[in-house]
Amino acid sequence: HLACSGVFKVLNLPPAAGPFILYVGGRTHYKNFALLARAFGIWPKRGDLQLVLVGDPLSESEEKKLRELKIRGAVRVMTQVDDEMLCRLYNQAAAFVYPSLYEGFGIPLLEAMNCGCPVVASRIPTTQEIAADIPLYFEPTNVEGLVHTLTQVFQGKDMKRVASGLARAKTFSWDQTAEETLKVYRKVLQ
């Protein structure tokens, strides 16, 4: 297993000026951003909530799709975000959404959990292996399921789940990764 940078931790920050949910990373097909955009567009309890995207600028087709969904004004894109700023975003987000269809290893899950950010994630094997029962899960192709899960997370911050996420994230470290990798090399050399 991998880990995340020690930069990601709980900070004592004032609440964000406006509530937002956070999406971090690429928006290629397997990242399933299109499902998140559709769910955000039909979510009746969205109100003044923003969807903050950390990653590349929107493509022309993404701009068009967000306008069609009538959510472009509620979507904020942040590019060239360093780890310190990303840590602040995790700390202030109402939730981090990880809608992937599949992943290798989800470092953003660990970053969010280390920052005490509630996690909403698609139910896929790698996410379950890394985050166990910490996230509020939805099926990765079910837009209504994601809407329902977003509504659940906004019914109140589940402090027990957040505390469990902080504890779980601490079980992943780069020292442990190096130690396990070294064991593999030693075994191969024997």
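Residues numbered from 1 in each chain as written. Predicted model: local features only at pLDDT ≥ 70, side-chain atom pairs only at ≥ 80, totals over all residues. Heavy atoms only, no water.

Draft legend 1. Inspection of the overall build of the protein at higher detail. Counting its regular elements, the protein contains 8 helices and 6 strands. Across the protein, helices and strands are ordered from the amino to the carboxyl terminus as β-α-β-α-β-α-β-α-β-α-β-α-α-α. The globule rule puts the C-alpha radius of gyration for 190 residues at 16 Å, and the 17 Å found for the protein is close to it. A principal-axis box enclosing the C-alpha atoms of the protein has dimensions of 60 × 35 × 30 Å. A buried classification covers 45% of the 190 residues belonging to the protein. At a minimum sequence separation of 6, the contacts of the protein that also span at least 24 residues come to 70%. When the accessible surface of the protein is totalled, it reaches about 10,300 Å², and 54% of it is carbon and sulfur. Of the side chains in the protein, 22 bear a positive and 19 a negative charge, and the two mean positions are spaced by 4 Å. (Helix = DSSP H or I, 4+ residues; strand = E, 2+ residues; numbered from the N terminus. Rg over C-alpha atoms; globule rule 2.2 N^0.38 Å. Buried < 20%, exposed > 50% of the residue type's maximum accessible area, 1.4 Å probe, protein only. Contact = heavy atoms within 4.5 Å. Areas by Shrake-Rupley, 256 points an atom, 1.4 Å probe, with all protein chains shown as cover. Lys, Arg positive; Asp, Glu negative; His and termini not counted. Charge placed at Lys NZ, Arg CZ, Asp CG, Glu CD.)

Draft legend 2. Structural context of the environment of Gly41. Take Gly41: it is sitting in helix 1 (residues 33-42). Residue classification places Gly41 among the partly exposed residues on the basis of a relative accessible area of 24%. Note: C-alpha distance between Gly41 and Ala163 (122 residues apart in sequence) is 31 Å. Other than its neighbours up to four places away in sequence, Gly41 contacts Arg46, Leu69 and Ile71.

Draft legend 3. Expanded view of the nonpolar core. Formed by 29 residues in total, the largest nonpolar core has its most connected members in Leu22, Val24, Tyr90, Phe96, Met113 and Val119. Among the secondary structure elements, those contributing two or more residues to this core are strand 1 (20-24), strand 2 (50-54), helix 3 (83-92), strand 4 (95-98), helix 4 (107-114), strand 5 (119-122) and helix 5 (125-131). In contact with Val24, not counting residues within four places along its chain, are Val54, Leu86, Tyr90 and Phe96. Leu35, Leu49, Ala74 and Leu150 belong to the second largest nonpolar core, which has 27 residues in total. (Core = buried A, V, L, I, M, F, W, Y, C linked by side-chain atoms within 4.5 Å.)

Draft legend 4. Quick look at the sheet that holds strand 1. The strand order across the open sheet built from 6 strands is 3-2-1-4-5-6, with neighbouring strands paired in parallel fashion. Each edge of the sheet is formed by a strand with only one pairing partner; in this case those strands are strand 3 (75-78) and strand 6 (136-138). The sheet shows a mean angle of 25° between the axes of neighbouring strands, taken without regard to direction. Here 3 bridges tie strand 4 to strand 5, and the two strands are oriented parallel to one another. Opposite Val97, over in strand 5, you have Val120 as the bridge partner. Strand contacts of helix 1: strand 1, strand 2, strand 4 and strand 6, with the helix running at about 165° to strand 2, the strand carrying the most contacts. The strands touched by helix 4 are strand 4 and strand 5; relative to strand 4, the strand with the most contacts, the crossing angle is about 170°. (Pairing = 2+ DSSP bridges. Axes fitted to C-alpha atoms, helices over the stretch in contact; angles between N-to-C directions.)

Draft legend 5. Looking closely at the packing of helix 4 against helix 7 (residues 159-169). Interaxial distance between helix 4 and helix 7 falls to 8 Å at its minimum, and their mutual angle equals 125°. Taken as axis vectors, helix 4 and helix 7 run oblique relative to one another. Crossing geometry of helix 4 relative to helix 7 is assigned as left-handed. Contact with helix 4, carried on its side by Leu110, Met113 and Asn114, involves Gly165, Leu166, Arg168 and Ala169 of helix 7 and no other residues of that element. Split by residue class, the contact of helix 4 with helix 7 holds 4 nonpolar, 2 polar and 1 charged. (Parallel < 35°, antiparallel > 145°, perpendicular 65-115°, else oblique. Left-handed = near helix turned anticlockwise from the far one by under 90°. Nonpolar A, V, L, I, M, F, W, Y, C, P; charged D, E, K, R; others polar.)

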